[in-house]
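Residue-level listing of the chains:
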Amino acid sequence: MNTNKNLILTKWQDETALERFRIIAPLQDETLDPAKRVRIRNEIAEQNGLSYKTVKRYDEAFRESGFEGLKPKSRKPHNPGNLPENYEELLQEAIQLRREVPTRSVEKIITILELEGRVAPGTLKRPTLQRHLYNAGFGRCHLETYRDARESSSKRFCKDHRMQLIQGDLKYGPILPIGKNGAKVQTYLSSAIDDHSRLPLSSRFYDNQEEGVVEDTMRNAILKYGAFDACYFDHGSQYQAKQLKLSLAKLSIKIKSAPVRSGKSKGKVEKFHQVVDSYLAEAKAKKIHTLEELNRYWQIYLEEYYNQKPHDGIREYYENRGVDIPSEGITPLQEWNRDSRPLKFLDAGVVGEAFLHHEKRKVDKGACISFRGKRYETKASLIGFTVEISYDPAAPEVLTVTHPGMKPFQAKPLVIRGYCDQKPALPVSMQAVEPETSRFLDALEKQHKESVKRRADAISFGSYKKGVVPDV
């Protein structure tokens, strides 16, 4: 009996330690600097619903004592002699109460049993009942795991054809001396991979993780391979940005969001990131120091290695369906090319217009508008009007100005020269016209004649009533 309980306790400790190690695995990189370690701890805490202090405690415990440091402390075995004779019956009632309302605490379960008269007050102890509920598979963590499994979409899935679904995600890259005066800058990899074939449609390192990075990734994927039906993102601010949703909606592309803090639901892109890790190890050995070089070797790595290497996920997909595949397996590029679904290519102009950003600006008295700290020249006829500007975030210095009744044109950056420019000619509609006469004085003269006539008519009528015949 004691042997079985010890085995249950050991298994529980091992499983708990293994889960804790999974959580802190990203922190085991010895090259992490203190600032990045703190940042990753915060991300892990947010993703797993833990506090920062808990993640830090796990990390420090593993560094001090290894895997053993992650195991929860053993509890002292209970004394069977202190349990009531009908304890097994009480345990079954407690299980029933937990099943009825999974969120019921052990304290509340004990209270219910006492109120129902099944056990004398103070007989059942919370730690003892909690341990027995856990050993029976009805601990709160068991029920929460079961609930999460039902509510999440972490079950494996794979679309039947290419371009039915695209998965996108960001990943930390190496820190490179690419800033001003050689300052080190954190790089980020933005990728979009096809869910069916696992082929990377667009994957590139950037020196930031702003919204424009994700937009650039999606646009490059569409320009090269055509439109896809839907894309699958997490809840990162870059993927929930209004502009990205608007751009994809213009191309009739749906956005699907993964469950919150559910890494398993994005298994394909997470598996792809393991490939990225192997590349980063090679890049470190290569001593890459520029972003251009990092991306050049990354494209070579994808084209000559990843795309040409048989993929276990593709093999598993077909074996699960009972379809025979070649013994050497199928590569992502082969699976992409052998798919029967035709690609839907779009005009570059249509794609470019969909990803343009639009803003409003008011033209000042100098016929200029302000944008990102710079001034741009427009046209004198737009002075005082509010115009719409559109621009590509990848090239924000090129602004296209549109206004009702006017053909769109590009605004030029204002250049301050050594001499003043000539004053811009006013449009014909605003130029002064030499008058032939004063229309105001002419109108007053006309009004004066009418007033004199009305007064003359009034005098004539008054004389007639008094019997005075006016001289003719």
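Enquirer: Explanation requested: the overall build of the protein in the structure shown.
Expert: Helix and strand counts for the protein come out as 15 helices and eleven strands. When burial is assessed residue by residue, the protein has 35% of its 472 residues classed as buried. When contacts within the protein are restricted to residue pairs at least 6 apart in sequence, those whose partners lie at least 24 apart make up 60%. For the protein, the computed accessible surface area is about 30,300 Å², with 53% contributed by carbon and sulfur atoms.

Enquirer: When you look at the environment of Leu 294 in this model, what are you seeing that I'm missing?
Expert: Inspection of the secondary structure assignment puts Leu 294 in helix H11 (residues 291–306). For the pair Leu 294 and Leu 176, spaced 118 residues apart in sequence, the C-alpha separation works out to 9.5 Å. The contacts of Leu 294, once residues within four sequence positions are left out, are Pro 174, Leu 176, Thr 187, Phe 205, Tyr 279, Ala 283 and Ile 288.

Enquirer: Would you explain the environment of Asn 220 in this entry?
Expert: As for its position among the elements, Asn 220 is in helix H8 (residues 211–225). Through-space distance from the C-alpha of Asn 220 to that of Leu 201 is 8.0 Å; in sequence the pair is 19 residues apart. When neighbours within four sequence positions are excluded, Asn 220 is seen to be in contact with Ser 202 and Tyr 206.

Enquirer: Quick question: what am I supposed to make of the environment of Gln 240 here?
Expert: By the element assignment, Gln 240 lies in the loop between strand S4 (230–233) and helix H9 (242–250). It is 9.1 Å that separates the C-alpha atoms of Gln 240 and Glu 211, two residues lying 29 residues apart in sequence. In this structure Gln 240 touches Asp 234, His 235, Lys 245 and Ser 257, once residues within four positions along its chain are discounted. Separated by 3.3 Å, the side chains of Gln 240 and Ser 257 make a polar contact.

Enquirer: Looking at this structure, I do not really get the side chain of Thr 331. What am I missing?
Expert: As for its placement among the helices and strands, Thr 331 is situated in the loop between helix H12 (312–320) and helix H13 (332–338). A distance of 3.3 Å separates the side chain of Thr 331 from the backbone oxygen of Asn 307, its partner in a polar contact. Ignoring any residue separated from it by four or fewer positions in sequence, one finds Thr 331 in contact with Asn 307, Gln 308, Lys 309, Pro 310, His 311 and Ile 314.

Enquirer: Just to check I follow, could you spell out the pairing of strand S3 (residues 200–206) for this structure?
Expert: Along any regular strand, the residues point their side chains to alternate faces of the sheet. The element S3 is extensively covered by neighbouring structure, given that six of its seven residues are classed as buried. Pairing analysis gives six bridges linking strand S2 (residues 185–194) to S3, with the strands arranged antiparallel. Within S3, the residue paired with Ser 191 across the bridge is Ser 203. Where S2 folds back on S3, the antiparallel hairpin that results is connected by five residues, among which Arg 198 adopts a positive phi of roughly 65 degrees.

Enquirer: For this particular structure, what's the right way to read the packing of aromatic side chains?
Expert: To describe a pair of aromatic rings, one takes the distance between the centres and the angle between the planes. Under the definition given, this model contains 15 aromatic pairs. Consider the rings of Tyr 172 and Tyr 188, whose centres lie 5.4 Å apart with planes at 45 degrees: the pair is tilted. Taken together, the residues Tyr 172 in strand S1 (residues 166–176) and Tyr 188 in strand S2 connect sequence positions 16 residues apart. Assessed through its relative accessible area of 12%, Tyr 188 is described here as buried. Centre to centre, the rings of Trp 298 and Tyr 301 are 6.0 Å apart; their planes meet at 20 degrees, and the pair counts as stacked. Taken together, the positions of Trp 298 and Tyr 301, both in helix H11 and three residues apart, correspond to about one turn of that helix. Residue Trp 298 is classed as buried on the basis of its relative accessible area, which comes to 0%. On the accessibility criterion, Tyr 301 (15% relative accessible area) is buried. Grouped by ring-pair contacts, the aromatic residues Phe 205, Phe 272, Tyr 279, Trp 298, Tyr 301, Tyr 305 and Tyr 306 constitute a single cluster. Lying across the ring of Trp 336, Arg 162 places its NZ or CZ 5.0 Å from the centre.

Enquirer: Quick question: what am I supposed to make of H9 here?
Expert: Every α-helix winds through 3.6 residues per turn, so residues three or four apart in the chain are directed the same way. For H9, the full list of buried residues reads Gln 243, Leu 244, Ser 247 and Leu 248. The buried residues of H9 occupy an angular sector of 125 degrees when the element is viewed end-on, so they sit on one face. Where H9 is buried, its residues meet H8, S4, strand S5 (254–257), helix H14 (348–354) and strand S6 (357–362).

Enquirer: Looking at this structure, how should I read the pattern of salt bridges?
Expert: Once their charged atoms are close, side chains differing in charge can pair, the charge on each being opposite to the other. Across all of its chains, the model carries 19 salt bridges by this definition. Taking the shortest distance from any N to any O, the salt bridge between Arg 219 and Asp 216 comes out at 3.1 Å. Taken together, the positions of Arg 219 and Asp 216, both in helix H8 and three residues apart, correspond to about one turn of that helix. We classify Arg 219 as buried; its relative accessible area is 9%. Residues Glu 319 and Arg 315 are paired through a salt bridge, measuring 3.6 Å at the closest nitrogen-oxygen approach. Of the two residues, Glu 319 and Arg 315 are both situated in helix H12; the distance of four residues between them amounts to about one turn of the helix. On the basis of relative accessibility, which here comes to 25%, the residue Arg 315 falls in the partly exposed class.

Enquirer: Is there a simple way to explain the packing of helix H5 (residues 106–115) against helix H6 (residues 126–135) in this structure?
Expert: Two quantities define a packed helix pair, namely the angle between the helix axes and the distance between the axes. Where H5 contacts H6, the axes come no closer than 10 Å and their chain directions differ by 105 degrees. As the angle between them shows, H5 and H6 are arranged roughly perpendicular. Two secondary-structure elements touch here, H5 through Val 106, Glu 107, Ile 109 and Ile 110 and H6 through Arg 126, Leu 129, Gln 130 and Leu 133. When grouped by side-chain class, the residues that make up the contact of H5 with H6 number five nonpolar, one polar and two charged.

Enquirer: Sorry, what's going on with the sheet that holds strand S7 (residues 368–371) here?
Expert: Sheet strands associate in pairs through backbone hydrogen bonding, adopting either a parallel or an antiparallel arrangement. The strand order across the open sheet formed by six strands is S6-S9-S10-S11-S8-S7, and the pairing between neighbours is antiparallel. Edge positions in the open sheet fall to S6 and S7, since each of these has one partner strand only. Each adjacent strand pair in this sheet contributes to an overall mean axis angle of 35 degrees, direction not counted. Relative to strand S8 (residues 374–377), S7 runs antiparallel, the two being bridged by four bridges. The residue of S8 that forms the bridge with Phe 371 is Lys 374.

The rules we used
Residues numbered from 1 in each chain as written. Predicted model: local features only at pLDDT ≥ 70, side-chain atom pairs only at ≥ 80, totals over all residues. Heavy atoms only, no water. Helix = DSSP H or I, 4+ residues; strand = E, 2+ residues; numbered from the N terminus. Buried < 20%, exposed > 50% of the residue type's maximum accessible area, 1.4 Å probe, protein only. Contact = heavy atoms within 4.5 Å. Areas by Shrake-Rupley, 256 points an atom, 1.4 Å probe, with all protein chains shown as cover. Polar contact = N/O pair within 3.5 Å; in protein donor to acceptor, adjacent residues only side chain to side chain. Pairing = 2+ DSSP bridges. Phe/Tyr/Trp six-rings, centres within 6.5 Å; stacked < 30°, edge-to-face > 60°. Lys NZ or Arg CZ within 6 Å of the ring centre and 35° of its normal. Arc of directions from axis to C-beta. Salt bridge = Lys/Arg side-chain N within 4 Å of Asp/Glu carboxyl O. Axes fitted to C-alpha atoms, helices over the stretch in contact; angles between N-to-C directions. Parallel < 35°, antiparallel > 145°, perpendicular 65-115°, else oblique. Nonpolar A, V, L, I, M, F, W, Y, C, P; charged D, E, K, R; others polar.

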